[in-house]
Protein chains: 2
Amino acid sequence: MRQTDYDLVIIGGGPAGLTAGIYAARARMNVVLYEKAAPGGQVIVSDWIENYPGFPDGISGYELGEKMLNQAKNLGLNIEIEDVTSIQVDGEIKTVNLAKKSVTTKTVIIASGASPKKLNIGESQFMGKGVSFCATCDGPFFRDKTVVAVGGGDTAVQESIFLTKFVKKLYLIHRRGELRATKILQERAHKNDKIEIIWDSVVSGMDGLFAVENVKVKNVKTGEEKDIKAQGCFIWIGITPNTAFVGDILNMDDGGFIYTNGNMETSVPGIFAAGDVRTTPLKQIVTAVGDAAIAVMSAEHYIENLQD
Amino acid sequence: MRQTDYDLVIIGGGPAGLTAGIYAARARMNVVLYEKAAPGGQVIVSDWIENYPGFPDGISGYELGEKMLNQAKNLGLNIEIEDVTSIQVDGEIKTVNLAKKSVTTKTVIIASGASPKKLNIGESQFMGKGVSFCATCDGPFFRDKTVVAVGGGDTAVQESIFLTKFVKKLYLIHRRGELRATKILQERAHKNDKIEIIWDSVVSGMDGLFAVENVKVKNVKTGEEKDIKAQGCFIWIGITPNTAFVGDILNMDDGGFIYTNGNMETSVPGIFAAGDVRTTPLKQIVTAVGDAAIAVMSAEHYIENLQD
C-alpha cells in the first residue's frame, strides 16, 4: 500500500487516548496523539478519585492525569496540541485534517470522550466542590449529606436511586410534571423514602463559600424561587460525545456515540474507538484504559494484515 | 426472594477481583472476596510494569498488587483466604462452597484468572528475570537482546513476530517439524529475518547468575543438546483458565475460558466473569480492571431487578 505519515493517529488526550499512546509507543508504532486542549481529559476536573486501582488513599484527578501524561511522554509518545476538524477515508488510507495541516495514517483511534451537558447557572466554579456528573465516582463522598439532583431521564433516576445508598436526602429537580425515565425506575424512585421530587422546576443558581452550601430552585410555572440547603448537586441532563469532526463516516447510536464491537472496531476498517466516545456500558477511567489497550491491539492486527 | 449471606461473592484476588471489590465496597454492597493464595494474582510475579497508566516510571508487579489490595481494604472490602470448590445455582440463589463452609449469595463475579502452562525445567527461579509469558508486557525490556521463544501455535508465532520489533534475534523452539499456527502467521514468521525456527526441539534447561544468560535446547529426535546465549525466554505453550470449581454450570470455549457478553454476563443470570478467566480479546491489567467495574455494575442491576 501507499506510504502514510503515520501508522496510527490517536484523537484525544484523556485516559483512553493516553493509554492508547502508552501501548502504541511501547509497541514501536509510528504514532501521534492530537489533543485540542490540555491532555488529561475529563479526569483532570475530578477533584478526588477513589476507584482507580493502584492508589490506596485515592488521588486527585489532576495528579492522575498528569501521571498518565508523563508516562506516555516517558515512553516517547509524540503529543501535539491540535484540533482535528475531519477525517477522510480513502480505502486503506485515512486522512486526518487539522486546523492548518493534514496527515495520512493507516489507522485511527478515536478517544475524544464525551462532555456532560451543563446548566450554565454558575456551577462551573463548584466542579469537584459539590457539583458532580457521576454517582459511581462521587456518591461515597456524600455520605449522610443532602443533595440535589437534576434531570428526569433514565440516568438521572437510576443514579439518584444509587445515591440514596449514601445520602440522607435527595431532591430530584425536574423541569416537567412527570419523569421521562422508564416506568420501573419511576416506581423505584417513588417508593424511595429518601427521594423527594420537585416538579416543574429548574436549578437557577447555587452558592457557598468553598463548596456548594445552597442550591436555588425555581418553579418554571409560578416563577417562585426557593433555597435548598444542600452540599451536593448532581447534574444529569444529558451527555454529548465529542464527535463533531467524525461527521457521518461512522455508525453511531441516536445519542451520537460510536458503535464498536468488543475489539473496538467501528464500522470503518482501520478506525477504532475507545472510552466514553463509544457505546460503552460504563463510563469510567478503568473502562477507558481497557478499551484503549484493545484498540491498539486491533490497530496492530489491522496493519499486519495490510502488509501481506 | 430468600435472604442470602451476601449480595456479591467475588472469586479471585488479582487486579480484576480487587477492582470488583473496590467498586462493590464503594457501592455499599454486602460483599466478600475469596482468594485461595496471596491477593494480587499474576501481577505480583511481574517484575516491572510499564503499561499500567498512572505510574510514569513504571512500577513493580508486587508493589502494584499491594497498592490495589490496600485500596480495597481501605474501602472496607472483606477479603478471606479461602479456596472455592464449587458453585451451585438454585434459581436466584447461588451457593458458593468453600473447603469448610458454604455461603449463599445473589451474585457471583468470577475473577479467578488464568495460568500460563510452564515447562517445569527450572524456569520458575527466572520469572521476571528473563522468563516471560507476555510480549506486549515485557517485549520492550528486550531491546537489541537475543531471546528464545517456545511454542508453535498462533500465540507463539504472533507474539514472536511482535517481539522482533525489539529483539536482535529470536530463536523459536518447536517440538514438532511444522508449526500449528495459521498459514498466514507461518508465512510472516518465515519471511522475518530475525526469526530462526529450531524444529523438533524443546527447552531443557536454563541458567544464569541473576537472570537468564543461557538456554539449553534439546533435539527430541537425536537427543542432542545445545546452548543458546540468550537474555530472555518467552513461553507460549498454552494458558489454562482457573475454573476447576466452575464445573459445567457455565458456557465456556474449547480452552475452558468463560463466555461473556460486553456486560460481563455469563450464561447463568447473576453470575459474571471478569479478566483473564473470560473470553477476553486481550489479557492485560487494564482490561481486567475495566471488566471488573462493568461486572459490578451488571451485578447491581441484576440485584435491583430481583427486588421489584
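Residues numbered from 1 in each chain as written. Chains lettered and ligands numbered in written order. Predicted model: local features only at pLDDT ≥ 70, side-chain atom pairs only at ≥ 80, totals over all residues. Heavy atoms only, no water.

### Points about the overall build of chain A
Reasoning step 1: If you tally the helices and strands in chain A, you get six helices and 17 strands.
Reasoning step 2: Here the C-alpha atoms of chain A give a radius of gyration of 21 Å, agreeing with the 19 Å that 2.2 N^0.38 yields for 308 residues.
Reasoning step 3: If you line up chain A on its principal axes, its C-alpha atoms span 65 × 40 × 35 Å.
Reasoning step 4: Per-residue burial for chain A yields a buried fraction of 57% across its 308 residues.
Reasoning step 5: On chain A, roughly 12,700 Å² of surface is accessible, and the fraction owed to carbon and sulfur atoms is 47%. (Helix = DSSP H or I, 4+ residues; strand = E, 2+ residues; numbered from the N terminus. Rg over C-alpha atoms; globule rule 2.2 N^0.38 Å. Buried < 20%, exposed > 50% of the residue type's maximum accessible area, 1.4 Å probe, protein only. Areas by Shrake-Rupley, 256 points an atom, 1.4 Å probe, with all protein chains shown as cover.)

### So, the state of the cysteines
Residue and element names in this part refer to chain A.
Reasoning step 1: Scanning the entire structure with this criterion turns up two disulfides over all chains.
Reasoning step 2: Across a sulfur-sulfur distance of 2.2 Å, Cys134 and Cys137 are joined as a disulfide pair. In this structure, the disulfide formed by Cys134 and Cys137 twists by about 70° around the S-S bond and is classed as right-handed.
Reasoning step 3: The thiol sulfur of Cys233 is not disulfide-bonded, and the nearest other cysteine sulfur, from Cys134, lies at 15 Å.
Reasoning step 4: Cys233 sits in the buried class, given a relative accessible area of 0%. (Disulfide = S-S within 2.5 Å.)

### A look at the sheet that holds strand β12 (residues 201–207) of chain B
Residues and elements named next belong to chain B.
Reasoning step 1: With antiparallel pairing, the three strands of this open sheet are ordered in space as β12-β13-β14. The open sheet terminates on both sides in strands that have one partner only, identified here as β12 and β14 (225–229). Put simply, the sheet's adjacent strands are angled 30° from each other on average, direction ignored.
Reasoning step 2: Of the pairings in the sheet, the one linking strand β13 (residues 214–219) to β14 comprises five bridges and is antiparallel in character. In the sheet register, Val215 faces β14, and the bridge partner there is Ile228. (Pairing = 2+ DSSP bridges. Axes fitted to C-alpha atoms, helices over the stretch in contact; angles between N-to-C directions.)

### Regarding the pairing of strand β1 (residues 6–11) of chain B
Residues and elements named next belong to chain B.
Reasoning step 1: For β1, the buried fraction is high: six of the six residues fall into the buried class.
Reasoning step 2: Bridging between β1 and strand β2 (residues 31–35) involves four bridges; their strand directions are parallel. In the sheet register, Ile11 faces β2, and the bridge partner there is Tyr34.
Reasoning step 3: As for the winding sense of the linkage, the β-α-β connection from β1 through helix α1 (residues 15–26) to β2 is right-handed. (Right-handed = clockwise from strand over helix to strand, strands pointing away.)

### Regarding the side chain of A:Asn97
Residues and elements named next belong to chain A.
Reasoning step 1: Note on placement: Asn97 falls in strand β5 (residues 93–98).
Reasoning step 2: A distance of 2.8 Å separates a polar atom in the side chain of Asn97 from a polar atom in the side chain of Gln88.
Reasoning step 3: Within the structure, the side chain of Asn97 is placed 2.6 Å from the side chain of Ser102, a separation counted as a polar contact.
Reasoning step 4: Dropping the residues within four chain positions of it, Asn97 is found in contact with Asp83, Val84, Thr85, Ser86, Gln88 and Ser102. (Polar contact = N/O pair within 3.5 Å; in protein donor to acceptor, adjacent residues only side chain to side chain. Contact = heavy atoms within 4.5 Å.)

### Re the environment of A:Thr105
All names here are of chain A.
Reasoning step 1: Its location among the elements puts Thr105 in strand β6 (residues 102–110).
Reasoning step 2: Overall, the relative accessible area of 0% leaves Thr105 in the buried class.
Reasoning step 3: Along the sequence, Thr105 and Gln3 sit 102 residues apart, while their C-alpha atoms lie 8.6 Å from each other.
Reasoning step 4: Among residues more than four places away in sequence, those in contact with Thr105 are Thr4, Tyr6, Asp7, Leu8, Val9, Glu92, Ile93, Lys94 and Val96.
Reasoning step 5: At 3.3 Å, the side chain of Thr105 and the backbone oxygen of Tyr6 are in polar contact.
Reasoning step 6: Only 3.5 Å separates the side chain of Thr105 from the backbone nitrogen of Val9, close enough to count as a polar contact.

### Re the interface of chain B and chain A
Reasoning step 1: The interface is formed by 51 residues belonging to chain B together with 51 residues belonging to chain A.
Reasoning step 2: When the area that chain B buries against chain A is broken down by residue, the three leading residues are B:Tyr23, B:Arg26 and B:Arg28, summing to 17%.
Reasoning step 3: Linking chain B to chain A there are six salt bridges.
Reasoning step 4: For the interface between chain B and chain A, the tally reads 36 residue pairs in polar contact (both at pLDDT 80 or more).
Reasoning step 5: Where the side of chain B that touches chain A is concerned, the elements lending two or more residues are α1, α2 (61–74), α3 (135–138), α4 (154–163), α5 (183–191) and α6 (285–306) of chain B. (Buried area = accessible area lost by both parts, 1.4 Å probe. Salt bridge = Lys/Arg side-chain N within 4 Å of Asp/Glu carboxyl O.)

### Concerning unusual backbone geometry
Reasoning step 1: A positive phi angle is found at A:Met264, which is not glycine, with a value near 70°.
Reasoning step 2: As for its position among the elements, A:Met264 is in the loop between β16 (239–241) and β17 (271–273).
Reasoning step 3: One non-glycine residue, B:Asp144, adopts positive backbone phi at about 60°.
Reasoning step 4: Mapped onto the fold, B:Asp144 is located in the loop between α3 and β9 (146–150).
Reasoning step 5: Given a relative accessible area of 55%, B:Asp144 falls into the exposed group.

### A few points about the pattern of salt bridges
Reasoning step 1: Tallying each qualifying case throughout the model produces 18 salt bridges over all chains.
Reasoning step 2: Two residues, A:Asp200 and A:Lys221, come together in a salt bridge whose shortest N-O distance is 3.9 Å. Taken together, the positions of A:Asp200 in the loop between β11 (195–198) and β12 (201–207) and A:Lys221 in the loop between β13 (214–219) and β14 (225–229) put the pair 21 residues apart, joining distant regions of the chain.
Reasoning step 3: Looking at A:Lys221, the relative accessible area reads 66%, which means it is exposed.
Reasoning step 4: B:Lys106 is the partner of B:Asp7 in a salt bridge, and the nearest nitrogen-oxygen pair spans 3.4 Å. Here B:Asp7 is found in strand β1, whereas its partner B:Lys106 is found in strand β6 (residues 102–110), with 99 residues between them in sequence. Like B:Asp7, the residue B:Lys106 is buried in the burial classification.

In short, geometric facts, not functional conclusions.
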